[in-house]
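Notes for the structure review
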Amino acid sequence: MTCRVAHLTSVHPWTDPRIFHKMCVSLAQSGYDVHLVAARGPAPAAERIQGVTLHLLTRPGNRLQRMTRTAWQVYRKAVDLDAKICHFHDPELIPVGILLRLRGCSVIYDVHEDMPKRVLDRQWIPGFLRRPAGWMIALAQKAAGAIFAAVVTATPTIAARFDPARTVAVRNFPSLAEFPEPAKDWSKKKPTIAFIGTIDSSRGVLELINGFAQSNAKSHARLVVAGKRQGGEYDARLDAAARDLNVEFAGYLDRTGVQRLLDDSMIGAITNLPSETANEAISTKMFEYMAAGLPVLTTDMPLWTEVVEKYRCGVAVDPFDPAAIARSLDHFFDHAERAIDAGRNGRTAIEQHFNWAREFAVLLNVYDKLSAKTARVDANGSHDR
């Protein structure tokens, strides 16, 4: 009998690359009956997409509704589905996971971010409460790690916070199915620099624009910034910096739009500003640029620098030095053969080391063990999983 599994999120859109495109689709392809419960995202074209059955809830109007009403809706839908394995993706769903565990479900807690550290940057939390909130989250996560059947984390650094006996790191590396061999010859590409990601002050978008403004490339190239804008003062500063430059704010792009932009581009830029959390994990976008065969312009944080230097796939610069950014952009545009070599090196690194197939094998092993365990439990007529 096919094992039914449910992925649960109240925060992420159903189109989230890690949740839907990687985990859910891969599990469905491996023979699991996969259901995804989510409260955000564009209206789907069908109830069942790529073998995954979608259950979209009413979108919450604010954070309080999301953490109360929506969390309860997620729980009720999970109960209705009667899945053998429930895999939730948001720390605010820890109570939901506990309730499902008490009902006999095998529960997996997926930790996407180092929340005890990330909470220190949350502007909506009063400053004097952030550190205590971080301690509380750390305690809650550690307790959760002892309750649930398994913990899956996005980085090895986060995994170190939990019991190693029941914790695995499953990193957000690109799927080679989503990024096949680059379709366009370099000579047919446009002189484009691509930046894809959240557009806020921590991502170094303003610094990238200032560097582009000092480059010789500004006369013939364009910078495409793809991602949702946050509004407010930072957006005004971006508009002022981009004035009279060939900078395009492309807005949010779906996965097809991302592929098209990268296929057209010559350079992938990811200029996140250094921080305690950024230093411990490499942006998924950097690996997607490499998968698309693009040379990478990235921040000179230790882990990021190690990758571009070891695999000779780009250059790491100080994001606060616009002249260094300008020199790096000009270097790639002025030396096409070096840019092509860097792109090829990055693609090879993805194929050999940083790809989703290797990570999914780790996740699938967790699922297969839990599925076998629940099958034995059901055969014995017990509900204690």
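Structural data are supplied above this passage.
To start, this report covers the structure provided alongside it. Here the structure is a predicted model, which means the values were calculated and not measured.

1. Observations concerning the pairing of strand β10 (residues 222–226)
In terms of burial, β10 is a largely internal element, four of the five residues being buried. In this sheet, β10 lies alongside strand β9 (residues 192–196) in parallel orientation, the contact comprising five bridges. Note on β10: the bridge partner recorded for I196 is A226. You can see the chain leave β9, run along helix α7 (residues 205–214) and come back into β10, and the turn it takes is right-handed.

2. Observations regarding the pairing of strand β14 (residues 314–317)
Inspection of the sheet shows strand β13 (residues 296–299) paired to β14 by four bridges, in the parallel sense. Residue V296 lies in a different strand from β14, and its bridge partner there is G314. Since β13 and β14 lie parallel, the crossover through helix α11 (residues 302–310) that links them has a hand, and here it is right-handed.

3. A closer look at the sheet that holds strand β1 (residues 4–8)
On the basis of which strands lie adjacent, the open sheet formed by eight strands has the order β3-β4-β2-β1-β5-β6-β7-β8 and mixed pairing. Lying at the two open borders of the sheet, with one neighbouring strand each, are β3 (48–49) and β8 (167–169). Here four bridges tie β1 to strand β5 (residues 85–88), and the two strands are oriented parallel to one another. Looking at β5, one finds that H7 is bridged to H87. In this fold helix α1 (residues 17–29) packs onto β1, β2 (33–38), β3, β4 (52–56), β5, β6 (106–111) and β7 (150–153), with an angle of close to 160 degrees to the strand it touches most, β2.

Calculation criteria
Residues numbered from 1 in each chain as written. Predicted model: local features only at pLDDT ≥ 70, side-chain atom pairs only at ≥ 80, totals over all residues. Heavy atoms only, no water. Buried < 20%, exposed > 50% of the residue type's maximum accessible area, 1.4 Å probe, protein only. Helix = DSSP H or I, 4+ residues; strand = E, 2+ residues; numbered from the N terminus. Pairing = 2+ DSSP bridges. Right-handed = clockwise from strand over helix to strand, strands pointing away. Contact = heavy atoms within 4.5 Å. Axes fitted to C-alpha atoms, helices over the stretch in contact; angles between N-to-C directions.

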